[in-house]
Amino acid sequence: MLVTRQKTLRRFWYPVMPVGKVEAGPQPFTLLGEKIVVWKAADGDVVALADRCPHRSAALSLGWVDGNAIVCPYHGWSYDGSGTCVRVPQRPESNGLKGRVVPSFPCTVRYGHVWVALGEPLAPIPDWPEEDDASYRRIDQFYETWRCAGLRLMENSFDNAHIHFVHRDTFGDIDNPDPPQPAIERLPYGFVARSDVPVYNNELQKKNLRDDSAVTIRHITARWYMPFLRRLHIRYPSGLDHIIVTAATPIADDRCQVVQFCFRSDSEADAPARDIIAFDRRVTEEDRAVLESTDFDVPLDMNSGVERHMPSDQPGLLMRRMLIELLAAHGESEHTRHDAGRATQEQKSSS
Ligand code: FES
Ligand code: CO
């Protein structure tokens, strides 16, 4: 699947950046190949517009905010949050131009991040009660570009079999390669997978968990939110909650922006945020090294013969199936980079 060619994927919310970034001025981002500018108006609204001035196509993200308008850096035309041109400085008496001349996109702030959709969203941003619960803290962990498809990262989160190989140096056990498989329950626009996975504690993790045991059973409740968002709720036997939210926001076919934060039920005195980030950093780097070697054109069609499967691949296979169904429900089929070749072949055989 080439994500930039699937229109239906434009109709989901994606976290694009920590809200702190827009405090510093207009910020560019590329979402599903669409260049956007995210900026904060004087009235506090955070908005997203196409990052292209309709005068001579300059990037608005190079401009600045003036009151409730963004000013183009090239000749100073100004646009409000709806994309209406409110000022042409060379023709001040005109009060701008008629109509919304710059496309605008749904944009909101949740969980300390700016979320954008490129069309009418099909599903809401999930409600996670920990955000407003004083017994939890939110720790912002990662904001970085990975050279892989978002779907690879999603599938990886639900793949218990990778733990003992990819994470053999942090919490896996390569001598126990066949872990328990999750029980999966399908939900609208996603699923929940529950499993109890034995993991092995290194020294930093023993400290973070305040648990000296060599092996801990993680009770994992993992939610997949279509298409590229997951929430991994790990409950340790001590009752400690470590809830990781990871988005693989699609930038282009071969790249995604990893946005990760976590909720913890312990305090800074129990486990400093920097130690928690350090452990998750190591684990994440282990995943990244392998995932960036994978093909970004993930085949949704399980019978394409491009990939082989095993029983523990069930969550990833369900993702593929649900994505095919989603596309079909919106009149789309899967686009892959083999489309062009196939079209030429069909042309040849019909001529
Ligand atoms: Fe934006 Fe001229 S290109 S005002
Ligand atoms: Co992993």
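Source: prediction; values computed, not measured.

Draft legend 1. Main features of the pairing of strand 3 (residues 34-40). Across 5 bridges, strand 2 (residues 27-31) lies against strand 3 in antiparallel orientation. Note that in strand 3 the partner of phenylalanine 29 across the bridge is isoleucine 36. Taking the residues that link successive antiparallel strands as the turn, the strand 2-strand 3 hairpin has 2 residues, and the phi of leucine 32 there is positive, at about 50°. Alignment of strand 3 against strand 4 (residues 46-50), held across 5 bridges, turns out to be antiparallel. Looking at strand 4, one finds that lysine 40 is bridged to valine 46.

Draft legend 2. Highlighting the packing of helix 2 (residues 150-157) against helix 6 (residues 314-329). Close contact between helix 2 and helix 6 brings their axes to 9 Å; oriented N to C, the two are set at 135°. With respect to their mutual orientation, helix 2 and helix 6 come out oblique. Two secondary-structure elements touch here, helix 2 through Leu151, Arg152, Met154 and Glu155 and helix 6 through Gly316, Met319, Arg320 and Leu323.

Draft legend 3. Spatial organisation of the coordination of the cobalt ion (ligand 2). The cobalt ion (ligand 2) binds to the protein through His162 (NE2), His167 (NE2), Asp287 (OD) and Asp287 (OD), with metal-donor distances spanning 2.1 to 2.3 Å. The coordination sphere of the cobalt ion (ligand 2) comprises 4 donor atoms, whose angles at the metal cover 59 to 150°; the geometry is irregular. Taken in chain order, the donor set of the cobalt ion (ligand 2) reads H-x4-H-x119-D. Highlighted residues: histidine 167 in the loop between helix 3 (163-166) and strand 13 (183-187) and aspartate 287 in helix 5 (residues 273-291), separated in sequence by 120 residues. Per residue, the accessibility class of histidine 167 equals that of aspartate 287, and both read buried.

Draft legend 4. Spatial organisation of unusual backbone geometry. Cis geometry marks the peptide bond from methionine 226 to proline 227, where omega comes out at -10°. Relative to the helices and strands, proline 227 is located in the loop between strand 15 (215-225) and strand 16 (229-235). The phi dihedral of asparagine 95 is positive, around 55°, even though this residue is not glycine. By secondary structure assignment, the location of asparagine 95 is in the loop between strand 8 (85-87) and strand 9 (104-105). Given the relative accessible area of 59%, asparagine 95 is considered exposed. Although it is not a glycine, tyrosine 189 sits at a positive phi angle of roughly 55°. Along the chain, the position of tyrosine 189 falls in the loop between strand 13 and strand 14 (190-200). The class of tyrosine 189 is partly exposed, set by a relative accessible area of 29%.

Conventions we followed
- Residues numbered from 1 in each chain as written.
- Chains lettered and ligands numbered in written order.
- Predicted model: local features only at pLDDT ≥ 70, side-chain atom pairs only at ≥ 80, totals over all residues.
- Heavy atoms only, no water.
- Pairing = 2+ DSSP bridges.
- Helix = DSSP H or I, 4+ residues; strand = E, 2+ residues; numbered from the N terminus.
- Axes fitted to C-alpha atoms, helices over the stretch in contact; angles between N-to-C directions.
- Parallel < 35°, antiparallel > 145°, perpendicular 65-115°, else oblique.
- Contact = heavy atoms within 4.5 Å.
- Donors = N, O, S within 2.8 Å, 3.2 Å for Na, K, Ca; no water.
- Tetrahedral: all angles 85-135°; square planar, octahedral: opposite > 155°, others 65-115°.
- Buried < 20%, exposed > 50% of the residue type's maximum accessible area, 1.4 Å probe, protein only.

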